[in-house]
Structures are given as C-alpha cells and as structure tokens.
Amino acid sequence: MARLAGTSTAVVSYVINNGPRPVAPATRERVLAAIKELGYRPDRVAQAMASRRTDLIGLIIPDARQPFFGEMAHAVEQAASERGKMVLVGNTDYIGEREVHYLRAFLGMRVSGLILVSHALNDLAAAEIDAWDARVVLLHERPEAIDDVAVVTDDLGGAQLAVRHLLEHGYEYVACMGGTAETPAVGDPVSDHVEGWKRAMDEAGLSTEGRLFEAPYNRYDAYRVALDILSGPDRPPAIFCSTDDQAIGLLRAARELRIDVPGKLAVAGFDDIKEAALADPPLTTVASDRSAMARAAVDLVLDDGLRVAGSRRERLKTFPSRLVVRTSCGCEN
C-alpha cells in the first residue's frame, strides 16, 4: 500500500490511525486512494492489542429515556465521530452498583477514555477509576468523590435568570420544583438550580419557606407531584422547575385541572430540550450549548494533558446559560 501511494509505511499508519502525526492533504488523498484500490480494511482488534487502546469512548449516563440525556448522548456521539471514535453507552438508572458495572466493563475493554454523567458517584466507583488510572471527563455533573476535569453549564446563574424573569412579570412569588431527598447537595445541577432560585428570591426580598417542592426529575412522577401542588389551597402563582421534564409534567397536571397557563400559573423550566418548544404552551426555559459541551468533553478525554494541575475550579470548564423566552411565563408569543 505504501508503495502504491508513493510514501512510507509510517505515513500510511498515520492516515489509518488518524495520527499521531499530521499528514499533508495531498499525501493523505494518495493513501486513501490506495486503501480504496486495494480494498484494505484495518484490523481494529489487532490495533487495539498493539496500542492497548480501542477506538471506543465509554459514555455512562443516568437514563437515556429522559430527553436531556438522550440529546446529550447524541451530541457526544456526533463529536466522537468527528474524531474517528465510536461510543459505547451505559445507562445506570441512578443505581450506584450499575455505574460500577459499566465502569469495569468499559475500562476492561480498553476504551480511549470515559465520559461520565454521574448523579452521585460512590466511593467504590471512584476507587475503580483510580485503580485503572483512567482518562475520565465529567460531563453535566461534578460529584465530590472524584476530582477529574469537568465540563458543565452555569446552572446556578441560569436558574437565577429564569426566576428573575418570572418575578419581573410581577408574580407575588415563585415556587420551585427541585429534586428529591437523594439529590446530592454539591456538584449536582438540580442542587445548583435550587440554589439559583433561592438567590433570586432573596434578591427580591422574598421568602422561600414552604415554597420548595421535592420531585423526581422525570415528567411522569413530576406530574403526580404537580397534581398535589396545584390541587392544594395555596397554589403558587409561578413555578420554576429544575428540569424541562418536570415542567412538562407540571403543564400536563395544570391542563387536567383546567388551570390556565400562563393566565393563572406561570411556568419556567431548565434544559431547553427540543420538546420544550412544542409544549402547550411553549415552555420558557434555560438553554445550554450541549453540542459545544459534548465536543469539549470528547476533545478533553482524547487529547494529551487531560490531567491538568490546579485547583478544582481550574479543572472546571463552564459554558454559559441563556434564557429562552416563550409563552409559559406570561410573555406574548
């Protein structure tokens, strides 16, 4: 093949393996033409045995059935494809033992790196990562158990944006649909959303006492919680939901109870999943650039220098949040 392409075997290897050294575009085209003419197919198993690494990235997420995580997984897959990698996906269902199972399985497959969306990483999982000296990037969440590089969005600031916007409409106060008793107090986006709500309320001189409601993240269980909230004697005039899925469940409950949104109840969410624009009414929410976050996570987990020195803050790559105004908050279309 090298003879046909008029170059060295080393250059052919660089083209096939997409590195480690760059190849001039004209030379790359000659090598690719030779590969096509000879019908060559690289033996990925042999390559993995020689390098002790595969063309795989492991992605561990809580639940791909939730639209946010499904969209995030798709963004990671797209970014990995741009780098010539494939993605293995494991769903933990928020179960620590299942997280450890996927960690062991993926690391045993010699993946090029792991991207971990961990709800609450336990000590056993953290020890597993340390034992393998794995290349790990945390995405979306940053559990306290490990101190690896993390890619997150400005969850606290984004929540403040949404709550301030609701208060600017003149609502007496804004209630919050937060997480559950199992939601970690530190490093979890929902905890930051709740903290952002508290700060925005405090800025406005408003009490949060009795105005925070525990709810699961998914729309189905949030819907049942919302039925109780909205059926009570002290129905809030406005509710900020920590996830769009919760907000969609809340909108369904309001519709069943014939509560007009936004006439009698204003709603805002967080995540800007694609379905938010099609909710009834369209959901005001907070967006993050998931594509850019996924690309950053893939680049970090594949590139040299992953284990950078510095404080926990210096190892954090934070993307800004932005308010997406639709009509559920009371704004005109």
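Every value quoted in this text rests on a predicted model; they were computed, and no experiment measured them. (Residues numbered from 1 in each chain as written. Predicted model: local features only at pLDDT ≥ 70, side-chain atom pairs only at ≥ 80, totals over all residues. Heavy atoms only, no water.)

With respect to topology, six strands assemble into an open sheet ordered β2-β1-β3-β4-β5-β11, the strand pairing being parallel. For this open sheet the edge positions go to β2 (86–91) and β11 (316–319), each flanked by a neighbour on one side alone. Direction aside, the axes of adjacent strands within the sheet are offset by 20° on average. Here four bridges tie strand β5 (residues 150–153) to β11, and the two strands are oriented parallel to one another. Paired with Thr153 across the two strands is Phe319, which belongs to β11. Along the sheet, helix α5 (residues 67–82) contacts β1 (56–61), β2, β3 (113–116) and β4 (136–139); its crossing angle with β1, the most-contacted strand, is approximately 170°. (Pairing = 2+ DSSP bridges. Helix = DSSP H or I, 4+ residues; strand = E, 2+ residues; numbered from the N terminus. Axes fitted to C-alpha atoms, helices over the stretch in contact; angles between N-to-C directions. Contact = heavy atoms within 4.5 Å.)

In contact at an axis separation of 9 Å, helix α6 (residues 96–108) and helix α7 (residues 123–132) are set at 10° when each is read in the N-to-C sense. Considered as vectors, α6 and α7 are oriented roughly parallel to each other. Packed against α6, whose contacting residues are Glu99, Val100, Leu103, Arg104, Leu107 and Gly108, the element α7 presents Leu124, Ala125, Glu128, Ile129 and Trp132 at the interface. (Parallel < 35°, antiparallel > 145°, perpendicular 65-115°, else oblique.)

Taken residue by residue, the chain gives an average pLDDT of 87. The fraction at 70 or more is 88%. Confidence over residues 45–51 falls short of pLDDT 50; this stretch has six contacts with residues more than four positions distant or in other chains. Note that residues 307–313 has pLDDT below 50 and, in this model, 16 contacts with residues that lie over four places away or in other chains. (pLDDT = per-residue confidence, 0-100.)

With that settled, the discussion passes to the sheet that holds strand β7 (residues 212–213). Spatially, β7-β6-β8-β9 is the arrangement adopted by the four strands of the open sheet, whose pairing is parallel. In the strand order of this sheet, the two ends are held by β7 and β9 (266–268), each with one partner. Lying over the sheet, helix α8 (residues 155–168) contacts β8 (238–241) and β9, oriented at roughly 170° with respect to β8. Sitting on the sheet, helix α11 (residues 244–256) touches β6 (175–177), β8 and β9, and the angle it makes with β8 is about 145°.

Attention now moves to α7. Because each turn of an α-helix spans 3.6 residues, side chains separated by three or four positions end up pointing in the same direction. The set of residues buried in α7 consists of Ala125, Ala126, Glu128 and Ile129. Seen along its axis, α7 keeps its buried residues to an arc of 155°; they face one direction. Away from its buried face by more than 90 degrees, α7 exposes Asp123, Asp130 and Ala131. (Buried < 20%, exposed > 50% of the residue type's maximum accessible area, 1.4 Å probe, protein only. Arc of directions from axis to C-beta.)

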